[in-house]
Amino acid sequence: MLGAVQGDRMIVVLGGSAVNAPDQAVDIVGRFVTLFGPGAVIVGPPVEHLMDAATSTREAVSAYRAAAGWPEAPRPVTSLDLLPERALSGDGHARRALAHDIYEPLQAAGGGLLETLVTFLDQGLSVEAAARALFVHANTVRYRLRRIHEVTGYSPTDPRDAYALRLAITLGRLFARSRPEEPAPAGR
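Residues numbered from 1 in each chain as written. Predicted model: local features only at pLDDT ≥ 70, side-chain atom pairs only at ≥ 80, totals over all residues. Heavy atoms only, no water.

A few words on the overall build of the protein. Check the secondary structure of the protein and you find eight helices and four strands. Each helix and strand of the protein, placed in order from N terminus to C terminus, yields the pattern β-β-α-β-α-β-α-α-α-α-α-α. In terms of overall dimensions, the protein has a C-alpha envelope of 60 × 45 × 30 Å along the principal axes. A burial count over the protein gives 38% of its 188 residues as buried. Across the protein, every contact between residues at least 6 apart in sequence was considered, and the portion connecting residues at least 24 apart equals 52%. Counting only carbon and sulfur atoms, one obtains 55% of the accessible surface of the protein, whose full area is about 11,500 Å². (Helix = DSSP H or I, 4+ residues; strand = E, 2+ residues; numbered from the N terminus. Buried < 20%, exposed > 50% of the residue type's maximum accessible area, 1.4 Å probe, protein only. Contact = heavy atoms within 4.5 Å. Areas by Shrake-Rupley, 256 points an atom, 1.4 Å probe, with all protein chains shown as cover.)

Quick look at the layout of surface pockets now. Each pocket or cavity is described by its volume, and for the largest pocket that value is around 930 Å³. Ile-11, Val-12, Val-13, Ile-42 and Gly-44 are the residues nearest the centre of the largest pocket, which is lined by 35 residues in total. The set of elements that each furnish at least two residues to the lining of the largest pocket consists of strand S2 (9–13), helix H1 (22–30), strand S3 (42–43) and helix H2 (53–66). Considering every element that reaches the lining of the largest pocket, the biggest residue donor is H2, with six residues. Counted by class, the lining of the largest pocket contains 25 nonpolar, eight polar and two charged residues. Sort the elements by how many residues they give to the lining of the second largest pocket and helix H4 (residues 92–109) lands first, with five residues. Looking at the lining of the second largest pocket, its residues break down into 14 nonpolar, four polar and nine charged. (1 Å grid on protein atoms, 1.4 Å probe; cavity = no way out; pocket = protein on both sides within 12 Å on 5 of 7 lines; lining within 4 Å. Points joined across faces, edges and corners; volume = space filled by probe spheres on them. Nonpolar A, V, L, I, M, F, W, Y, C, P; charged D, E, K, R; others polar.)

One pass over the full model with this rule turns up seven salt bridges. Two residues, Glu-85 and Arg-160, come together in a salt bridge whose shortest N-O distance is 2.7 Å. Residue Glu-85 is found in helix H3 (residues 83–88), and its partner Arg-160 is found in helix H8 (residues 159–178); the two are separated by 75 residues along the sequence. The partner of Arg-142 in a salt bridge is Glu-128, with the nearest N and O atoms 3.2 Å apart. Residue Arg-142 is located in helix H7 (residues 138–152), and its partner Glu-128 is located in helix H6 (residues 127–134); the two are separated by 14 residues in the primary sequence. Sharing partners across several salt bridges, the network here consists of Arg-58, Glu-59, Arg-86 and Asp-91. (Salt bridge = Lys/Arg side-chain N within 4 Å of Asp/Glu carboxyl O.)

Turning next to a nonpolar patch on the surface. On the surface, a nonpolar cluster with roughly 320 Å² of combined accessible area is contributed by Leu-2, Val-13 and Leu-50. Structurally, Leu-2 is set in strand S1 (residues 2–6). By relative accessible area, Leu-2 is classed as exposed at 59%. (Patch = residues over 30% accessible without salt bridge, like charges linked within 9 Å, V, L, I, M, F, W, Y side chains within 5 Å.)

Before going further, it helps to spend a moment on the side chain of Ser-155. Assignment of secondary structure puts Ser-155 in the loop between H7 and H8. Of the polar contacts made by the side chain of Ser-155, one reaches the side chain of Thr-157; its length is 2.9 Å. Discounting residues that sit within four places of it in the chain, Ser-155 has contacts with His-149, Asp-161, Ala-162 and Leu-165. (Polar contact = N/O pair within 3.5 Å; in protein donor to acceptor, adjacent residues only side chain to side chain.)

Next up on the list: the nonpolar core. Membership of the largest hydrophobic core comes to 31 residues, with the highest contact counts inside it found for Leu-98, Ile-102, Leu-106, Leu-117 and Val-141. At the level of elements, H3, H4, helix H5 (113–122), H6, H7 and H8 are the ones that each hand at least two residues to this core. With sequence-adjacent residues up to four places away left out, Leu-106 is seen in contact with Leu-113, Leu-114, Leu-117, Ile-148, Val-151 and Thr-152. Within the second largest apolar cluster, ten residues are counted, among which are Ala-25, Ile-28, Phe-36 and Val-43. (Core = buried A, V, L, I, M, F, W, Y, C linked by side-chain atoms within 4.5 Å.)

Between H5 and H8, the least distance of the axes is 11 Å, while the angle of their chain directions is 125°. Overall, the two elements H5 and H8 adopt an arrangement that is oblique. Between H5 and H8 the crossing geometry is left-handed. Here Leu-114, Leu-117, Val-118, Leu-121 and Asp-122 of H5 lie close against H8, whose contacting residues are Ala-162, Leu-165, Arg-166, Ile-169 and Arg-173. (Axes fitted to C-alpha atoms, helices over the stretch in contact; angles between N-to-C directions. Parallel < 35°, antiparallel > 145°, perpendicular 65-115°, else oblique. Left-handed = near helix turned anticlockwise from the far one by under 90°.)

Interpretation in functional terms is not warranted from these geometric data alone.
Next comes the structure, spelled out in structure tokens:
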């Protein structure tokens, strides 16, 4: 562990084989989180080499700046957990991550997942209301919600995850519209 004060921030770099997943890093930082001053304590994503530490640091600093948007966040919190706030505060990497890592896989998965998610969110997270609006059985909606969680890692039934999913849909649609359309294939 290396630590240094940078302005009004304490920067800590963790290393070693015990820190190869975000949950592990959060557990380690949680052991000494009381030593930090007031405010958000952000854990950037683990990286393979010290040369990649700038990537983790960039995400952590972006999340730190955006943390005011979620004052109820756990302490410590990962930069990934603050992805919606980062996107809203102008982090282009976060916007692209939401569109690329959530919206695009949902769209590619098919099976009515994207339509079900939008309807479920529009119906106030009500399975029964979504089922009526989609003209399917409530169990079909439940199955699709589980599939959405499998595909994205975000659970539509969790309000915080639903927020991230809604933002990902919006950003994915905006990015899809901004891409130039492919020319129509030539006729025979």
